[in-house]
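Residue strings, one per chain:
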Amino acid sequence: MSDDRIITAIQWLLKTILANGRNPIPVQDAVDGLLDAGFELEEIDAAVDLLVALPNLIQPEGGLCCEFDPDSQGMRVLTAEEKVKLPLEAQEWLWRLLRAGLISRAEAEYVLQHAMALDIGEVGVPELKWVIAQILEDEARALLLATTPTKAELKRAWEAGLIN
């Protein structure tokens, strides 16, 4: 799922909404239209979540709010600096923990803050596991999260026949 595809899905939604005037379009019609346009459900969810969160992100002065709201239903998008600092595998691993409910949004934000503060070039999965082990108060939970495999590790285990 790329940012460009999500942006394109948002553009499609906005064009459809504007073409319909002020009349709301049924959600199922919008989803069907996006599916017909070749978007996947994950991309559609991300686009809709971002659109829904947009009013909460806009400040009265016209700027965008960068403060983290743990109750927001919007999708957290990595900054350019975070994307450079965390390789794709580390990003995927962290989001997998978040989507699975193994860490809260606030904890994910805290992990990202600590990862960005590390004085090393790139923060991979081993470094993220170290950060989690350092910041979580529940030692048993920190140990379980620090041993959660990456997607690549799961794939290797599956290919080796170790898991089904």
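Residues numbered from 1 in each chain as written. Predicted model: local features only at pLDDT ≥ 70, side-chain atom pairs only at ≥ 80, totals over all residues. Heavy atoms only, no water.

1. Brief notes about the nonpolar core
- Counting 21 residues, the largest nonpolar core has V111, L128 and I132 as the members making the most contacts within it.
- Of all the secondary-structure elements, those providing two or more residues to this core are α5 (88-99), α6 (105-117), α7 (125-135) and α8 (139-146).
- By size, the runner-up hydrophobic cluster in this structure holds 11 residues, among which are A9, L34, F39 and I44. (Core = buried A, V, L, I, M, F, W, Y, C linked by side-chain atoms within 4.5 Å. Buried < 20%, exposed > 50% of the residue type's maximum accessible area, 1.4 Å probe, protein only. Helix = DSSP H or I, 4+ residues; strand = E, 2+ residues; numbered from the N terminus.)

2. A few points about the pattern of salt bridges
- A complete count under the given rule lists one salt bridge for this structure.
- Here E43 and R5 are joined by a salt bridge, their closest N and O atoms 2.8 Å apart. Here E43, found in helix α3 (residues 41-57), pairs with R5, found in helix α1 (residues 3-19); they are 38 residues apart in sequence, far enough to count as distant. (Salt bridge = Lys/Arg side-chain N within 4 Å of Asp/Glu carboxyl O.)

3. Here's the deal with the packing of α5 against α7
- Two numbers describe how α5 lies on α7: the axes approach to 8 Å, and their chain directions differ by 40 degrees. Put simply, α5 runs oblique to α7. Contacts between α5 and α7 pair E89, A90, W93, L94 and L97 from the former with V125, L128, K129 and I132 from the latter.
- The residue inventory of the contact of α5 with α7, partitioned by class, reads seven nonpolar, no polar and two charged. (Axes fitted to C-alpha atoms, helices over the stretch in contact; angles between N-to-C directions. Parallel < 35°, antiparallel > 145°, perpendicular 65-115°, else oblique. Contact = heavy atoms within 4.5 Å. Nonpolar A, V, L, I, M, F, W, Y, C, P; charged D, E, K, R; others polar.)

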